Amino acid sequence: MQPVQETSETASSPVAAPRRLAVLGATGSIGTQTLDIVRLFPDRLSVQVLTARRNAARLLQQALEFRPACVVIDDPEGYRQLREALAGTGIEVLQGEEGLCACVQRPDVDVVVAALVGFAGLRPVLAALEAGKLVALANKETLVAGGALVHEALRRYGGTLIPVDSEHSAIFQCLVGEEPASVEALILTASGGPFRTRPLETFDRITPDEALCHPNWSMGAKVTVDSATMMNKGLEVIEAHWLFELPAERIQVLVHPQSIVHSMVTFVDGSTKAQLGVPDMRLPIQYALSYPERWEAPHERIDWVQLGQLDFEAPDPARFPCLPLAYEALRRGGTAPAVLNAANEQAVQLFLQEQIRFTDIARLVEAALEYLSEPEPVPSYEHLQEADRRARHYVLELAGVAAH
Ligand code: NAD
Ligand code: MG
């Protein structure tokens, strides 16, 4: 995927109608920050759809503020509460995955912000692309598990994908004005998380509270634990592979504790471009919504003198075994990335529930990858769903936790 160069059709016009958003996962970290951007640009952005899994109270509050045409909630009790609370407002209330897939295809939606977490994002993203929508993608698990299907949907239906993840937004920004053939390698930066310097022999005793304490970013629980194991960077390598169509060998990872350089691109002439900014997800979210324009905004600027220096180091595979596992899954292809993703989602959940140790996450993912991945060239959605289900079940079994 390459940035589309600005043309007269995409150029800004003072009378342009607001872009109408469907925000999937509106109550989460990316979802609420997306709504911050809508508040900053009420003339340029409007909200048509808001969705959440369980938090009916917050979704109701957001619906009353933004007055969307439709809200979707997964939880049956939340659905009942919202129907009651929104009766007479004209706001439609839908439920579950069917509701998600229907709302993204609405003709009054221009942009779908995919900010839900996990494999659950894949079907609604495919539905949005099938309706030819522009998808601002935060939900990296969608591309990890279903990259081939997303590619196929983009090719067939002509939708557009713009990355929200800060590293991929950085690369996307570095590629504006460049030919795909001039790219030599992508360099994804990683903060190294909270355990970059913690003694390795104490990793067995890491608690969920410690893993949830990220030095630079405030994010949802799952992605925060993924950052602590560096599985997050592994998932991002696979995400970059599908977004920018480069093989694993040309996607490198570099630890950069300050999280100021969000990622880089090295070109065939030896030149490297980087995109920098303070660690604030509202910047890449805004760029995905304003692209190809840049909108003036009061976000914090880098204070170069106070910052003083930028540090870089190689990632340590012994400390972060999830990173080589993700490369391995990408090299294997087929259902391997979907298995890696599902095993990781399940293992992270077990770790957060204090049912397994921090170090068990990589062990369980490795076992699932070893025994369950299949070399299917382009797995169907049903195939991926089955691989996802089996990997979760396998992890529960290995961890000695009853499946439910
Ligand atoms: P979060 O846990 O804060 O929010 C997730 C949202 O999705 C919530 O609104 C929740 O209700 C909804 N949701 C969760 N599971 C669902 C399901 N099964 N069905 C329907 N809705 C569901 O997560 P987040 O931190 O905002 O992350 C969202 C995505 O963005 C993740 O894929 C993450 O990796 C990615 N991402 C997040 C950040 C960040 O700063 N938070 C940065 C880069 C990428
Ligand atoms: Mg990221």
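Scroll up to find the structure.
How each quantity is defined
Residues numbered from 1 in each chain as written. Chains lettered and ligands numbered in written order. Predicted model: local features only at pLDDT ≥ 70, side-chain atom pairs only at ≥ 80, totals over all residues. Heavy atoms only, no water. Donors = N, O, S within 2.8 Å, 3.2 Å for Na, K, Ca; no water. Helix = DSSP H or I, 4+ residues; strand = E, 2+ residues; numbered from the N terminus. Patch = residues over 30% accessible without salt bridge, like charges linked within 9 Å, V, L, I, M, F, W, Y side chains within 5 Å. Areas by Shrake-Rupley, 256 points an atom, 1.4 Å probe, with all protein chains shown as cover. Salt bridge = Lys/Arg side-chain N within 4 Å of Asp/Glu carboxyl O. Buried < 20%, exposed > 50% of the residue type's maximum accessible area, 1.4 Å probe, protein only. Pairing = 2+ DSSP bridges. Right-handed = clockwise from strand over helix to strand, strands pointing away. Axes fitted to C-alpha atoms, helices over the stretch in contact; angles between N-to-C directions. Parallel < 35°, antiparallel > 145°, perpendicular 65-115°, else oblique. Contact = heavy atoms within 4.5 Å. Nonpolar A, V, L, I, M, F, W, Y, C, P; charged D, E, K, R; others polar. Near = heavy atom within 4 Å. Polar contact = N/O pair within 3.5 Å; in protein donor to acceptor, adjacent residues only side chain to side chain.

Draft legend 1. Main features of the coordination of the magnesium ion (ligand 2). The protein atoms that coordinate the magnesium ion (ligand 2) are Asp165 (OD), Glu167 (OE) and Glu236 (OE), at distances spanning 2.1 to 2.2 Å. Here the donor residues of the magnesium ion (ligand 2) are spaced in sequence according to D-x1-E-x68-E. Placement of Asp165 in the loop between β7 (160–163) and α7 (166–174) and of Glu236 in helix α10 (residues 231–244) is noted, with a sequence separation of 71 residues between them.

Draft legend 2. Molecular detail of a nonpolar patch on the surface. A grouping of Leu276, Trp304 and Val305 is seen on the molecular surface, where their side chains present a nonpolar patch of about 340 Å² in accessible area. Along the chain, the position of Trp304 falls in helix α12 (residues 304–307). Accessibility expressed as a relative area gives 51% for Trp304, which makes it exposed.

Draft legend 3. Looking closely at the pattern of salt bridges. On inspection of all chains with the given rule, the structure shows 29 salt bridges. The salt bridge involving Asp36 is made with Arg39; its shortest N-O contact spans 2.9 Å. Of this pair, Asp36 and Arg39 are both found in helix α1 (residues 29–40), 3 residues apart, which corresponds to roughly one turn of the helix. Asp36 gets classed as partly exposed once you look at its relative accessible area, which sits at 30%. The partner of Glu141 in a salt bridge is Lys222, and the shortest N-O contact between them spans 2.9 Å. One end of the pair, Glu141, is in helix α6 (residues 140–157); the other, Lys222, is in helix α9 (residues 221–229), and 81 residues separate them in sequence. Here Glu141 falls in the buried class, since its relative accessible area comes to 5%. Each of the salt bridges in this network shares a partner with another, and the network as a whole consists of Lys140, Asp165, Glu167, Lys233 and Glu236.

Draft legend 4. Fine view of the pairing of β7. Bridge count between strand β6 (residues 134–137) and β7: 4 bridges; the pairing is parallel. Bridge pairing in β7 places Leu137 opposite Pro163. Regarding the hand of the β-α-β motif, the stretch spanning β6, α6 and β7 is right-handed.

Draft legend 5. Representation of the packing of α6 against helix α14 (residues 336–352) in the model. Orientation of α6 relative to α14, taken along the N-to-C sense of each, is 140°, at an axis distance of 7 Å. When the interaxial angle is binned, α6 and α14 end up oblique. Contact residues: Glu141, Val144 and Ala145 in α6; Pro337, Ala338, Asn341 and Glu345 in α14. Here the residues of the contact of α6 with α14 are counted per class, giving 4 nonpolar, 1 polar and 2 charged.

Draft legend 6. Broad picture of the site of ligand 1. The environment of ligand 1 is made up of 21 residues, and the closest members are Thr27, Ser29, Arg53, Glu141 and Gly220. Between an oxygen atom of ligand 1 and a side-chain N or O atom of Thr27, the distance comes to 2.7 Å. At a separation of 2.9 Å, an oxygen atom of ligand 1 approaches a polar backbone atom of Ile30. Coverage of ligand 1 by the protein chains reaches 88% of its 830 Å² of free accessible surface. Taken together, the elements giving at least two residues each to the shell around ligand 1 come down to α1 and α6. Residue classes in the shell around ligand 1 are distributed as 11 nonpolar, 6 polar and 4 charged.

Draft legend 7. Structural context of the environment of Asp43. Checked against the element boundaries, Asp43 lands in the loop between α1 and β2 (45–52). Between the alpha carbons of Asp43 and Glu236 there is a distance of 33 Å; along the sequence they are 193 residues apart.

Draft legend 8. How the structure looks around helix α13 (residues 322–332). Residues of α13 that are buried include every one of Cys322, Leu323, Leu325, Ala326, Tyr327, Ala329 and Leu330, and no others. Buried residues along α13 sit against α9, α10, β9 (251–255), α14 and α15 (358–372). Of the residues flanking the end of α13, it is Gly333, one or two places downstream, whose phi is positive at about 70°.

Draft legend 9. Fine view of the sheet that holds strand β11 (residues 272–276). The strand order across the open sheet formed by 4 strands is β9-β8-β10-β11, and the pairing between neighbours is mixed. Strands at the two margins of the open sheet, each flanked by one partner only, are β9 and β11. This sheet shows a mean twist of 20° between the axes of neighbouring strands, independent of strand direction. Summarising the sheet, strand β10 (residues 261–267) and β11 pair through 5 bridges and their orientation is antiparallel. Residue pairing in the sheet places Thr266 in a bridge with Thr272 of β11. In the packing of α10 onto the sheet, contacts are made with β8 (183–190) and β9, and the angle to β8 comes to roughly 150°.

Draft legend 10. How the structure looks around the environment of Val93. Residue placement: Val93 occurs in strand β4 (residues 92–95). We classify Val93 as buried; its relative accessible area is 11%. When the C-alpha atoms of Val93 and Val72 are compared, they prove to be 5.8 Å apart, with 21 residues separating the residues in sequence. Non-local contacts of Val93, meaning those with residues more than four positions away in its chain, are made with Val71, Tyr79, Leu82, Arg83 and Leu86.

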